[in-house]
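# Survey of secondary and tertiary structure
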Amino acid sequence: MIKTVSTSPYNGQKMGTAGIRQKVQTVLQKNYLENFIQSLFNAIGGVKGQTFVLGGDGRYYNDIALQKIIKMAAANGMKKLIIGQNGMLSTPASSHILLKNHADGGLTLSASHNPGGINGDFGIKYATKTGGQCSSAVSDKIFEETKRITSYKILETDDIDLSKKGVQKLGDMEIEVIDPIEDYLELMQQIFDFDAIKKLFQSGFSFVFDAMNAVTGPYAIKIFEEALGAKKGSVINAVPMPDFGGLHPDPNLVYAKDLVSLMYGDHAPDFAAANDGDGDRNMILGKKFFVSPSDSLAILTDNYRYIPAYKNGIYGVAKSAATSTAVCRVAKALGVDCYEVPTGWKNFCNLMDSKRITFCGEESFGTGSSHIREKDGIWAVLFWLNIIAATGKSVSQITRDFWKKYGRTYYLRFDFEAIDLKVADDLMADLENNLSSFEGKTYGGRKVTSAHPFVYQDPVDGSQTKNGLLVYFEDGARICYRLSGTGTNGATLRVYIEAYEKENFDENPKDKLRSLLDIAMTLAQIEKRTGKTKPDLTT
Ligand code: VG1
Ligand code: CO
């Protein structure tokens, strides 16, 4: 029976950029999830007769949220839900299944790289029929609905069994529980040279994939161990857990520290990689070697010819403004366009749909291509393995050869966390007002050539987005400031710094960029305004 339940809006139900990302404790409040789902359905004009893809990264509260969403979808007249077995779907797999089935939308229950568990975070990413996350305009519309919602619809029924594959009916709605990995594996087989990678593993190439107790464990076992023949046990932290076994599933040098110590120890395998909670981010490591994500995007682009799916040529490339300019130098050499867009994968989607770009990436360990409309962690790992298989070179050799060819872009991101929201907003507003006064002046021996906000006009839909403040120096160095949109604890100020060197490749990035960090802190008055003398996190 369909029940209409009265509800009242939450005051300021905080939204993420393409859905919600919140503390579990907040989401546990009565009707919070129901309000969001009904508001979403209302904002898009209802879901009657539509097909959605549904799944998640298995984090805490996913099981309960899945059941609520299924029953609400049925009550709202949805025609069909395609659901990953046991409710599991990585973000990239979900995008693929959405596109493959020409579905109308997709919901991925994940707060991505944020920690899970009862005291962690929960989230929902909403993708449209394009396969990518909804635009800010749609997010805004959903938010407006959450402020005036008075009731939601739900089917009163028992929970649905999601453990068995196959089709079942719930009222008039069809539910198809699918294998979450099969279609995705098939897509990867169409893109990469699996035979070459198989031979690489047969030759004794050693490999570790850290799934960080999150969604990619089963995908990685099926793809790397079973399909490609990597040694059994190569995939570690392979069982998805609601609290990620206490790990912070963000694949970087700080949060994947066990993997990093393995790679810097005496028994390091040839190659290691990690993915984040929902499988869209990746970290690449060689023996005693870390590949910066900005470099990784540039290196993959430079080596596109080794990959069967791209060997006949690529369109342009794109990076977020905060990402280093390394890939732009490759694009120039290849004679293809390089776009710079605001942070957030959704900003790449129009460029992919209009065939302007093939590859894109963000400094935050995200790389991908137009095979789907999300960044893709396992895709990036396979791309590296395919290059290694084709060239016979190690991760560090490939990267060093790249630096020799193009110069090295030293790059780091510095995060100042848990800042009071007003302090952070004021800091950014005042910095923006002061930007033009920096131009032509010299700080710490470096002359500012230009300083301005980053404003992007989407070439397809004409929409304008302003996100981040940029300061350029005469020697090619660059600082970018922006506030995080995904945090759940006060404001996070991100300061992105790069410096370019044509010949000097061996300095430690932290040493190399120290003086620029000082300049960045001075220009934005970070210490004076936040009391912080150094960043909380450097990645
Ligand atoms: C962060 C990253 C950004 C990424 C976003 C979502 O956003 O900086 O590059 O697109 O997370 O990633 P912010 O606003 O906190 O800087 V995730 O892996 O949702 O999927
Ligand atoms: Co993610």
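Here's what I pulled together on the structure shown here.

Reading guide: rules and limits
Residues numbered from 1 in each chain as written. Chains lettered and ligands numbered in written order. Predicted model: local features only at pLDDT ≥ 70, side-chain atom pairs only at ≥ 80, totals over all residues. Heavy atoms only, no water. Donors = N, O, S within 2.8 Å, 3.2 Å for Na, K, Ca; no water. Tetrahedral: all angles 85-135°; square planar, octahedral: opposite > 155°, others 65-115°. Buried < 20%, exposed > 50% of the residue type's maximum accessible area, 1.4 Å probe, protein only. Helix = DSSP H or I, 4+ residues; strand = E, 2+ residues; numbered from the N terminus. Lys, Arg positive; Asp, Glu negative; His and termini not counted. Salt bridge = Lys/Arg side-chain N within 4 Å of Asp/Glu carboxyl O. Polar contact = N/O pair within 3.5 Å; in protein donor to acceptor, adjacent residues only side chain to side chain. Near = heavy atom within 4 Å. Nonpolar A, V, L, I, M, F, W, Y, C, P; charged D, E, K, R; others polar. Core = buried A, V, L, I, M, F, W, Y, C linked by side-chain atoms within 4.5 Å. Domains from an automatic or database assignment. Contact = heavy atoms within 4.5 Å. Phe/Tyr/Trp six-rings, centres within 6.5 Å; stacked < 30°, edge-to-face > 60°. Lys NZ or Arg CZ within 6 Å of the ring centre and 35° of its normal.

### Thoughts on the coordination of the cobalt ion (ligand 2)
Within the protein, Ser112 (OG), Asp276 (OD), Asp278 (OD) and Asp280 (OD) serve as the donor atoms for the cobalt ion (ligand 2), at 2.0 to 2.2 Å. Around the cobalt ion (ligand 2) sit 6 donor atoms; with metal-centred angles ranging over 49 to 173 degrees, the donor geometry is irregular. Binding-site remark: the cobalt ion (ligand 2) is held by donors from one chain whose sequence spacing is S-x163-D-x1-D-x1-D. Given a relative accessible area of 0%, aspartate 276 falls into the buried group. A residue is classified by how much of its surface remains accessible, and aspartate 278, at 0% relative accessible area, is buried.

### What about the side chain of glutamate 225?
On the secondary structure map, glutamate 225 appears in helix H8 (residues 216-227). Although glutamate 225 is buried, it makes no salt bridge; lysine 232 carries the closest opposite charge, 5.1 Å away. In terms of polar contacts, glutamate 225 uses its side chain to reach the backbone amide nitrogen of serine 234, at 3.1 Å.

### Considerations on the site of ligand 1
Around ligand 1 sit 20 residues in total, of which Ser112, Ser484, Gly485, Thr486 and Arg494 are the nearest. For ligand 1, an oxygen atom lies 2.6 Å from a polar atom in the side chain of serine 364. At a separation of 2.6 Å, an oxygen atom of ligand 1 approaches a polar side-chain atom of serine 484. Considered class by class, the residues forming the shell around ligand 1 number no nonpolar, 8 polar and 12 charged.

### Quick look at the nonpolar core
Membership of the largest hydrophobic core comes to 71 residues, with the highest contact counts inside it found for Phe192, Phe209, Phe224, Phe271, Trp379, Leu382 and Leu385. Looking at this core, the element that brings in the most residues is helix H13 (residues 377-391), giving 10 residues. There are two domains that each give this core at least three residues, and those are domain 1 (2-180) and domain 2 (183-406). Discounting chain neighbours no more than four positions away, the residues touching phenylalanine 192 are Ile197, Ile307, Pro308, Trp379, Leu382, Phe383 and Asn386. Counting residues in each nonpolar core, the second largest holds 43 residues, with Phe41, Leu54, Tyr126 and Cys134 among its members.

### Points about the packing of aromatic side chains
This structure, assessed with the given rule, holds 23 aromatic pairs. A centroid spacing of 5.4 Å and a plane angle of 80 degrees characterise the contact between tyrosine 61 and phenylalanine 122, whose relative ring orientation is edge-to-face. Taken together, the positions of tyrosine 61 in the loop between strand S3 (51-56) and helix H3 (62-75) and phenylalanine 122 in strand S6 (residues 121-128) put the pair 61 residues apart, joining distant regions of the chain. Side by side, tyrosine 61 and phenylalanine 122 carry an identical accessibility label, which is buried. Each ring, one from tyrosine 310 and one from phenylalanine 383, has its centre 6.0 Å from the other, and the planes form 15 degrees; the classification is stacked. Here tyrosine 310, found in the loop between helix H10 (293-302) and strand S15 (316-320), pairs with phenylalanine 383, found in helix H13; they are 73 residues apart in sequence, far enough to count as distant. Given a relative accessible area of 6%, tyrosine 310 falls into the buried group. Assessed through its relative accessible area of 0%, phenylalanine 383 is described here as buried. Members of the aromatic cluster, connected to one another through ring pairs, are Phe201, Phe205, Phe207, Phe209, Phe224 and Phe271. When the ring centre of tyrosine 410 is taken as origin, the NZ or CZ atom of lysine 512, which lies over that ring, is 5.5 Å away.

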